[in-house]
Amino acid sequence: MGIESSCDDTSASVIYNGKVISNVVANQEIHAKYGGVVPELASRAHQQNIVPVVQQAIEQANISKNDLSAIAFTRGPGLMGSLLVGTSFAKSFALGLNIPLIAVNHMQAHILAHFIEDENAKIPPFPFVCLTISGGHTQIVKVSNHFEMEILGETIDDAVGEAFDKSAKILGLPYPGGPLIDKYGQLGNPKAYQFTKPKVGDLEFSFSGLKTGILRFIQKNVKENPDFIQENLHNICASIQHTIVEILMDKLKNTVKQTDIKHIAIAGGVSANSEIRKRLLFAEKHWGWTTYIPKFEYTTDNAAMIAIAGYLKHLNNDYTDISVTSKARLKVTE
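The rules behind the values
- Residues numbered from 1 in each chain as written.
- Predicted model: local features only at pLDDT ≥ 70, side-chain atom pairs only at ≥ 80, totals over all residues.
- Heavy atoms only, no water.
- Helix = DSSP H or I, 4+ residues; strand = E, 2+ residues; numbered from the N terminus.
- Contact = heavy atoms within 4.5 Å.
- Axes fitted to C-alpha atoms, helices over the stretch in contact; angles between N-to-C directions.
- Parallel < 35°, antiparallel > 145°, perpendicular 65-115°, else oblique.
- Left-handed = near helix turned anticlockwise from the far one by under 90°.
- Nonpolar A, V, L, I, M, F, W, Y, C, P; charged D, E, K, R; others polar.
- Pairing = 2+ DSSP bridges.
- Domains from an automatic or database assignment.
- Salt bridge = Lys/Arg side-chain N within 4 Å of Asp/Glu carboxyl O.
- UniProt positions renumbered as here; feature names shortened; annotations may be inferred.
- Buried < 20%, exposed > 50% of the residue type's maximum accessible area, 1.4 Å probe, protein only.
- Polar contact = N/O pair within 3.5 Å; in protein donor to acceptor, adjacent residues only side chain to side chain.

**Overview of the side chain of Ser134**
Note that Ser134 resides in the loop between strand S6 (128–133) and strand S7 (138–145). Once you skip the residues sitting within four places of it in the chain, Ser134 turns out to touch Ala159, Val160, Gly161, Glu162, Gly268, Gly269 and Val270.

**Digging into the packing of helix H5 (residues 178–185) against helix H7 (residues 228–259)**
Two numbers describe a pair of packed helices, the interaxial angle and the distance between the axes. Running from N to C, H5 and H7 point in directions that differ by 115°, and their axes come no closer than 7 Å. One finds that H5 runs roughly perpendicular with respect to H7. Regarding H5 and H7, the two cross each other, and that crossing is left-handed. Contacts from Ile181, Asp182, Tyr184 and Gly185 in H5 reach Leu233, His234, Cys237, Ala238, Ile240 and Gln241 in H7. Its residues assigned to classes, the contact of H5 with H7 shows six nonpolar, three polar and one charged.

**Focus on the pairing of strand S8 (residues 148–154)**
Here six bridges tie S7 to S8, and the two strands are oriented antiparallel to one another. Looking across to S8, one finds that Ile140 is bridged to Gly153. With antiparallel pairing between neighbouring strands as the criterion, S7 and S8 make up a hairpin whose turn holds two residues.

**Topic: the domain arrangement of the protein**
The assigned domain composition of the protein is domain 1 (2–113 + 298–316) and domain 2 (122–294). A C-alpha centroid distance of 27 Å is found between domain 1 and domain 2. Taken together, the contact pairs 17 residues of domain 1 with 19 residues of domain 2. Where domain 1 meets domain 2, there are zero salt bridges.

**Description of the UniProt feature "binding site: substrate" (unreviewed entry) in the protein**
UniProt marks Thr132, Ile133, Ser134, Gly135, Gly136, Asp165, Gly178, Asp182 and Asn273 with the feature "binding site: substrate" (unreviewed entry), using the numbering shown here. You can call Ser134 buried: its relative accessible area is 10%. Here Gly178 lies in helix H5. Among the residues examined, Gly178 registers a relative accessible area of 12% and is labelled buried. Setting aside residues no more than four positions away along its own chain, Gly178 makes contact with Phe164, Asp165 and Ala168.

**A few points about the environment of Ser88**
Its location among the elements puts Ser88 in helix H2 (residues 80–97). Under the relative-accessibility criterion, Ser88 is labelled partly exposed at 41%. In this structure the side chain of Ser88 is engaged in a polar contact, spanning 2.7 Å, whose partner is the backbone oxygen of Leu84.

**Considering the sheet that holds strand S2 (residues 9–16)**
As summarised here, the arrangement of the five strands in space is S3-S2-S1-S4-S5, forming an open sheet in which the pairing is mixed. If you trace the sheet from one side to the other, it starts and ends with strand S3 (19–27) and strand S5 (101–105), each paired once. On average, each strand axis in the sheet is tilted by 20° relative to the strand beside it, whichever way the strands run. Seen against the sheet, helix H1 (residues 39–60) touches strand S1 (2–4), S2 and S3 and runs at an angle of roughly 25° to S2. Helix-sheet contacts for helix H9 (residues 303–315) involve S1, S2, S3, strand S4 (71–76) and S5, and the interaxial angle to S2 is about 45°.

**Some thoughts on the packing of helix H4 (residues 160–170) against H7**
Two numbers describe how H4 lies on H7: the axes approach to 11 Å, and their chain directions differ by 165°. As judged from the angle between their axes, H4 and H7 are roughly antiparallel. In this structure, the crossing between H4 and H7 has a hand that is right-handed. Contacts between H4 and H7 involve Val160, Ala163, Phe164, Ser167 and Ile170 on the former and, on the latter, Ile229, Ile240, Gln241, Ile244 and Leu248.

Pasting the structure below:
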């Protein structure tokens, strides 16, 4: 069983021989009215959700808790209060059942979601490059085997998911705004407005300047026309999305040039974005890349990715003891 509680989703999943047989996710609606995740409220909601979510995962898998052979949990990175709930529960559960405990790196798990057995999924061969994009991370990772990873490039300031959500907030859209920019952007002209791309290293990302540029653009136009956002929402969203995806694709092109690795995967919540998926399929057709795009349910935080990472560690007898502690900051290489 995998248990995920790194941010604001409580999730439990049961995997058997690499196949997901249940994957239950409880979202926390409470954060929407605050425009972002409130850590204290998140940890309280995890405490309320974790027992029913685990119970549901066991029932949906049609097993009893005594059939479980190991418990995997998210050790980090994430919000400390949220991580502590999952870690404490996993320790107690493993201890009570007298089965091994497996600590999982959340960022590695996003990448390893590609190894979930599924008849429609392509499994990337080693080495491959993974673009990990979420609300908290933007990284290009070279993956040499299941647990040997190297960061080739990352953001020097904000994550791409935050850039989407903050841009949506500037437009007055509710949280989480990233999916709404995607939704409205599909109805607009991506070249309607130009936003400046940051000038940083070949494999580095920066989104703070872009967010400021979008804010100033909106302020200027709203001053001239108070209905500017309402009248041009689809075009604004399409242009923001186009700029962000262009930045991501530019960095991937540089990576392929530098590494000569043409097996390209994406992972993390932003990998659900329709434009990045479309552009990767274009790259596969026209640039000779082989691309690996996860199922939607394995993009955002979920316990199936924790369970597959745990399963791969289980095959290596890579267990942890009860003294293990949560870590809010944890690199993909740790």
